[in-house]
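Listed below, chain by chain, are the residues.
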Amino acid sequence: MTRRPERISFRFSARSRFAACLVATADGALAPGWWDLDGTHPPYAGDPPRYREGAPAETTATQVLPTEDGGLLRLRGAAGSGRHLLLLSRPAPAAATATATGTSLAGPRVPYPAELELRGPSPAEFELKDPPPAGPEPKAPAPPEELIVEARGLRLVPGGPPGTLALAVETTHDGRTRVRRVRATPLRLSDPVILPGRVTALLPLDGTGRRYATDLEGPDGYRPVSLDLRDGTWHALPSPANGRIHRLLLSAPASGLLLTASDPGDGRLRIAHAALGDRTRLSFPDRLNSLNGAVLPLAADPAGERVALRVTRGARARLFLYDVGADRPRPAALPPGAFHPVAGWSTGGLRVVYATPDRPADLVTVPDTAAHPDPTSTAAHPDPTSYDAPSSSLGAPSNTPDADGTSHAATEWFATPSGRFEAVVLGDRRTAPTVVVALHGGPEDHWTLGHDPVLARLSDAGAAVVAPNQRGSTGYGRAHAEAIHGAWGVPDLADIRSLVRTLTEQRPPDAEPPVLLGTSYGGFLALLAVCADPYAWARCAVIAPFLSARGLRERSSPAVRALIDRHGLGEPPDDDLGPRDVERLAHRIRVPLLTLHGSDDPVVPVDETRRLRQALARAGGPQRAPHDCLDIPGAGHHPLQERGGAGLTDRLVSFLTARAPDRRRALAPPELTVADAAVRHRRSPAVFGHITHDERTPP
């Protein structure tokens, strides 16, 4: 089957006329992708949106940013070196570009030159997707301008005064922020402005690109300030008389709109309009703050009169269009899915980054959002027949089939002795030959109705996928997320054990047990699950796992240690499984195991997988199932998303979907007291172990 390409790291230019991303090639390499959305720049002037791709010489750390003059900035960094390579590529001549047809935003592929080291390898240039038009021999694209930058924490931000390509924001070694202008011919950084702390997003306050608002970190948290690039000065915004601003969210210079996360004095956060002046005033629109879910403003239209809102409830998100003057939100004509927190709204319309479980993230133009819609245009909405009508109510299940017969994934709630949790479900978990329980990483994360390439591959292979948002997942309130603080692998493990019991009881007696897949924290949780209930599972695959919270704290980076310290280690649970240390419990593992770990993982050291391999080797014995613990040379924390990841994904999917010999009637060794080999024929909770209480979960 033909697959849509995987795209990540979407960015828009300052006025949203151009967009860029990183697109994965067949072998997992990343190439820059670029759109001229409104057809405003030669050679595309007056034409539908056009798309080009460059050489696959990028990594997930590369930042791409389109400029308003039609160029493309790329910022590459060498991990831990403080050295960056900034590149500026210009549009190819018109003769080098073929004409695209159809409804997709994707058009011909035009090459960029490749660079070495930070510049990347030097692969041959791409051929055009379509034959070049008849005429003169195409001219080769000009080589990019380059600049080596010594800086820490450097990021590119769209905007800046006239003559500026973008803004470069750097966090210095002493915690201050330096904002510089990116200029061309020659490529350089200039006009530094220093702020005494870290800052969040830069929101323009006027149409000149000179004045910005941002949140500045200080001893008492963040406070809103304004920054003037003309003279390099900044000052705190006046405190509101009727509340407190916690964070700045979105600005629209054309109308003076400034949306903030504020409270009117009662401690409850709401979205407010902030009117700046000698004394800032806040207004809290009733209908805007009545939307049911977590609301994030994404973009404002060029006039500043309408705002695109992402409204999220658990795993599901909807897009709303908000009329500022009328205080009226209405759902956009897109079904629930995943909307990335970046969007662009130009005169050509609102473009959002939209994904569903069976559709990778891509740019979608939202109907009826162009300033002057062209009723004859087919380029405004890619493949319009593939989207069903929106649900009538936010958060309602949506499994309406697409035109090609495939269905959007549903979400399902699973009951446990301690409550319930939501899961994204792909396929029929009751009848599919293989059911994969996929555990997310984080742990401060959750599954959504977005696209995950591995889960999509498993679904294509005929497996059903259940992706739970067990306790500890974000998106379901503070109590749900903080249930695992000081108790990693306790309440969340209890939820997974309850889930496998439910899945098993609702499948035919001769069905294979579910299989497990976990990444990072999810890998840790998956390993604990097969230690607790070895005969409840058929196989287990983990990517970049760790073995215990205490061990990870001792061997990881300062950032990971800070996360663990914020959650707290807590006391070992008083149950039959004891301390949640997979190295200590590895002798309980009775299922085939596949472990993939990048040798250069900066988050979870590869030593965690090596220690697991040693623990499994020490266990030995005839009862042990086969295991492969693989170090992936040169890979980081997400080896499936890097060069060579396609082959690793094939191996992973084959492992998880290849049915093993029937293990259900094998006798459990007498030393195992938390499992029962005849799991299919006993309905008692004791089948899944003796850990039936969860003392760390509040009632």
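Look up: the structure comes first, before these words.
Numbering of residues begins from 1 in every chain and follows the order in which that chain's sequence is written. Note on the predicted model: pLDDT of at least 70 is required for a residue's local features to be given, and 80 or more for side-chain atom pairs to be given and counted; whole-chain, interface and lining totals, by contrast, use all residues. Values shown for side chains rest on all heavy atoms present in the structure; no hydrogens or waters enter the calculation.

It is worth spelling out the nonpolar core at this point. Joining through side-chain atoms within 4.5 Å is the link that ties buried Ala, Val, Leu, Ile, Met, Phe, Trp, Tyr and Cys residues into a set, and such a set is a nonpolar core. Accessible area is worked out with a 1.4 Å probe on protein chains only. A residue is then buried under 20% of its type maximum, exposed over 50%, and partly exposed in between. Of all hydrophobic cores here, the largest spans 49 residues; its most connected members are W488, L516, W537, C540, V582 and L612. Leave out the neighbours within four places in its chain, and V582 touches F524, L527, L528, C531, L547 and L612. Judged by nonpolar contacts, the second largest core, of 30 residues, contains A315, W447, A544 and L648. Contacts were defined at the residue level, with two residues in contact if any of their heavy atoms lie within 4.5 Å.

Oppositely charged side chains are able to pair whenever their charged atoms sit close together. Between Lys or Arg on one side and Asp or Glu on the other, a salt bridge is scored when a side-chain nitrogen of the former is within 4 Å of a carboxyl oxygen of the latter. Counted according to the given criterion, the structure contains 33 salt bridges. Between D323 and R328 there is a salt bridge, with its nearest N and O atoms 3.6 Å apart. The exposure class of D323 is partly exposed, given its relative accessible area of 26%. For R555, the salt bridge identified is with E608, shortest N-O distance 2.7 Å. Residue R555 is located in helix α5 (residues 549–555), and its partner E608 is located in helix α8 (residues 607–619); the two are separated by 53 residues in the primary sequence. For R555, a relative accessible area of 24% translates into the label partly exposed. Within this structure, E583, D607, R611 and R618 form a network of salt bridges that share partners. Comment: elements are numbered from the N terminus, with helices defined as DSSP H or I runs of at least four residues and strands as E runs of at least two.

Inter-axis angles, ranging from 0 to 180 degrees, are taken between N-to-C directions of lines fitted to C-alpha atoms, where helices are fitted over the stretch in contact. With their axes 10 Å apart at the nearest point, helix α1 (residues 453–460) and helix α9 (residues 645–657) run at an angle of 50° to one another. It follows that α1 is oblique to α9 by the angle criterion. Considering the relative orientation of α1 and α9, their crossing is right-handed. Residues V454, R457 and L458 of α1 form the contact with α9, whose own contacting residues are T649, D650, L652, V653, L656 and T657. Taken together, the residues that form the contact of α1 with α9 break down as 5 nonpolar, 2 polar and 2 charged. An angle below 35 degrees is treated as roughly parallel, one above 145 as roughly antiparallel, one from 65 to 115 as roughly perpendicular, and anything else as oblique. Left-handed describes a crossing whose near helix is turned anticlockwise from the far helix through less than a right angle; right-handed describes the clockwise counterpart. The classification used treats Ala, Val, Leu, Ile, Met, Phe, Trp, Tyr, Cys and Pro as nonpolar, Asp, Glu, Lys and Arg as charged, and all other residues, Gly among them, as polar.

On to the environment of T657, then. Along the chain, T657 turns up in helix α9. A distance of 2.7 Å separates the side chain of T657 from the backbone oxygen of V653, its partner in a polar contact. Under this definition, polar contacts are N or O atom pairs within 3.5 Å; protein pairs additionally need one hydrogen-donor-capable and one acceptor-capable atom, and for neighbouring residues in sequence, both atoms have to be side-chain atoms.

Bringing the side chain of R351 into the picture now. Within the secondary structure, R351 sits in strand β26 (residues 349–356). We classify R351 as buried; its relative accessible area is 4%. A polar side-chain atom of R351 sits 2.8 Å from a polar atom in the side chain of D38. Here T365 takes part through its side chain, which lies 3.3 Å from a polar atom of the side chain of R351.

Note on backbone geometry: most residues besides glycine have negative phi, and most peptide bonds are trans. In this chain, T185 is followed by P186 through a cis amide linkage whose omega measures -5°. Within the secondary structure, P186 is located in the loop between β11 (177–183) and β12 (188–195). The peptide bond linking G442 to P443 adopts the cis configuration, its omega dihedral lying at 0°. Inspection of the secondary structure assignment puts P443 in the loop between β30 (435–439) and α1. We note that S9 has phi near 55°; this positive angle belongs to a residue other than glycine. Checked against the element boundaries, S9 lands in strand β1 (residues 7–12). Note on S9: relative accessible area 33%, which makes it partly exposed. In this structure, S16 takes a positive phi of about 65° despite not being glycine. If you trace the backbone, S16 turns up in the loop between β1 and β2 (18–24).

Here a strand pair is declared whenever DSSP counts at least two bridges between the two strands. Overall, antiparallel pairing links the 4 strands, which are arranged β1-β2-β3-β4 in an open sheet. The open sheet is flanked by β1 and β4 (50–53), the only strands paired with a single partner. Taken over all neighbouring pairs, the strand axes of this sheet differ in orientation by 20° on average, direction set aside. Pairing analysis gives 4 bridges linking β1 to β2, with the strands arranged antiparallel. Within β2, the position partnered with R11 by the bridge is A20.

Another point: α1. The set of residues buried in α1 consists of V454, L455, A456 and L458. Packing partners of the buried residues in α1 comprise β29 (419–426), β30, β31 (464–469), β32 (515–519) and α9. One side-chain oxygen at the N-terminal end of α1 lies 3.0 Å from the backbone nitrogen of V454; it belongs to D452. Phi turns positive, to about 100°, at G462, one or two residues after α1.

Shape descriptors only; they carry no functional weight alone.
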